[in-house]
Amino acid sequence: MHSTSVRHQAGAPDTGRRHTLHRIAAGAATLAAPVLAHAQARSTSAQGDILVGRSSALSGPMAPFLAPIHAGQDAAIADFNAGGGVAGRKVRLVTLDDGFTPQRALENAHKLVEDEGVVALFGQAGTSQVLALLPYLPQAKTPLIAVYTGSPALRAARSPWLFTTNASYADELAKVVRNLVSIQSTRIGIAYENNDFGKLALPLAEQAIAAEGATLVGAHAIDSSGKDAGEAAKAMATLQPHAMLMVAAGPSVVAYVRAHSAHLGVPLYTLSLGAGTQVLKALGSDARGLAVARTTPSPLRATMQVTRDFQASMKQHGLEVNYDHFIGYLDARVLLEGLRAAGPGVTGPGLVQAMEGLNRLDLGGHTYRFSAQNHNGSSYVDIAVIGPGGTYMR
């Protein structure tokens, strides 16, 4: 596969707290104003590649989990460029490593807009990272398209510069609980990761359980490393739930799934974030029976044109057909349709107008809806189950 991205390494991680980020965002945006004007002018007049910025974790614990999503994005962009790009202009990703830290994500956004002259930011992962960027986007007059977090806080912010492409955590949780209630599994327990993500999703899960008339038997935190997963599973077993909902991502998922199998043995459901390619590879056959809320149709079924296009792309680029590649591929396809609609003279504000003007976007069976009043393109959720060998059942 021929990559369309250019990668630069950012500096060392900075673990400053969120109030520091907001202070940095406000001050730096003011100082950057003349540079932003220059960057916008450069991107408009350029006759070469259309540059899009991608800040993501290329290092650190989350890097292996995001790498397949990046590969799917790259494949879609390579296919688009091979087809002529935007009136002959190719789209090129400029990628910086943020190590999955908000401070570096914000620093990277400044570099990408002010130094590289990108017309959009794309594919930012992490709730805290996206929240750190939101105050900067209007100053930069640069949209952020597709993020890897389902936090309702982002949607509540209603930023005119942010476009999401996948269902929220609330959408996923509502689907999971509705599914459980439909099969009479009404006593539900929750194992949640003891970090910002888990603490954010816990009340959403509690609300979903109450809304569907089910009973929350209890909730137990698990460390992000998974070191206390066994204790959590044993504690939840004493409450005799009909089913468990796991709200976690990364290493803690692997540890808890195994502990759950050893101590509970009731159905286990998780969100899309919790069952990526790397997690399933680590679990192997231990993942069998895990039910996952997925925010895209199955990439394994060639029943839609978009899945047939995706499967052909994966074959061409030597990549596996899986959900992580598919979500990256679909998100890049949405970005590219926005760029196509904006035309070869695309600017940040022009891309916002083009995205809003997409209205009903059909990629070949999977649809999105955007408008000036709606920047959240999809609320699609389905339940997929892991079968033998740690792979999704068709």
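Everything here concerns the structure above.
Quick caveat: nothing in here was measured; it's all calculated off a predicted structure.

**Some details on empty space enclosed by the protein**
On inspection of all chains with the given rule, the structure shows one cavity of 30 Å³ or more. Here the largest cavity is characterised by a volume of approximately 40 Å³. Going through the elements one at a time, strand 2 (50–56), helix 4 (102–115) and strand 4 (120–125) are the ones with two or more residues in the lining of the largest cavity. Considering every element that reaches the lining of the largest cavity, the biggest residue donor is strand 4, with three residues. For the lining of the largest cavity, the per-class residue count stands at six nonpolar, three polar and no charged.

**Quick word on the sheet that holds strand 7 (residues 187–193)**
Picture the strands of a sheet paired through backbone hydrogen bonds; they go either parallel or antiparallel. Spatially, 8-7-9-10-11-14 is the arrangement adopted by the six strands of the open sheet, whose pairing is mixed. Looking at which strands have only one partner, the edges of the open sheet turn out to be strand 8 (215–222) and strand 14 (382–385). On average, adjacent strands in this sheet sit at an angle of 25 degrees to one another, irrespective of strand direction. Of the strand pairs in this sheet, strand 10 (residues 268–270) and strand 11 (residues 291–294) are connected by two bridges, and their pairing is parallel. Paired with Tyr 269 across the bridge in strand 11 is Ala 291. Seen against the sheet, helix 10 (residues 229–237) touches strand 7, strand 8 and strand 9 (243–247) and runs at an angle of roughly 165 degrees to strand 8. Contacting strand 7, strand 8, strand 9 and strand 10, helix 11 (residues 251–263) runs over the sheet at an angle of about 165 degrees to strand 9.

**Describing unusual backbone geometry**
Even without being a glycine, Lys 141 presents a positive backbone phi close to 55 degrees. Owing to a relative accessible area of 44%, Lys 141 belongs among the partly exposed residues under this scheme. One non-glycine residue, Gln 240, lies in the positive phi region at around 50 degrees. Relative to the helices and strands, Gln 240 is located in the loop between helix 10 and strand 9. For Gln 240, a relative accessible area of 61% gives the class exposed.

Parameters at a glance
- Residues numbered from 1 in each chain as written.
- Predicted model: local features only at pLDDT ≥ 70, side-chain atom pairs only at ≥ 80, totals over all residues.
- Heavy atoms only, no water.
- 1 Å grid on protein atoms, 1.4 Å probe; cavity = no way out; pocket = protein on both sides within 12 Å on 5 of 7 lines; lining within 4 Å.
- Points joined across faces, edges and corners; volume = space filled by probe spheres on them.
- Helix = DSSP H or I, 4+ residues; strand = E, 2+ residues; numbered from the N terminus.
- Nonpolar A, V, L, I, M, F, W, Y, C, P; charged D, E, K, R; others polar.
- Pairing = 2+ DSSP bridges.
- Axes fitted to C-alpha atoms, helices over the stretch in contact; angles between N-to-C directions.
- Contact = heavy atoms within 4.5 Å.
- Buried < 20%, exposed > 50% of the residue type's maximum accessible area, 1.4 Å probe, protein only.

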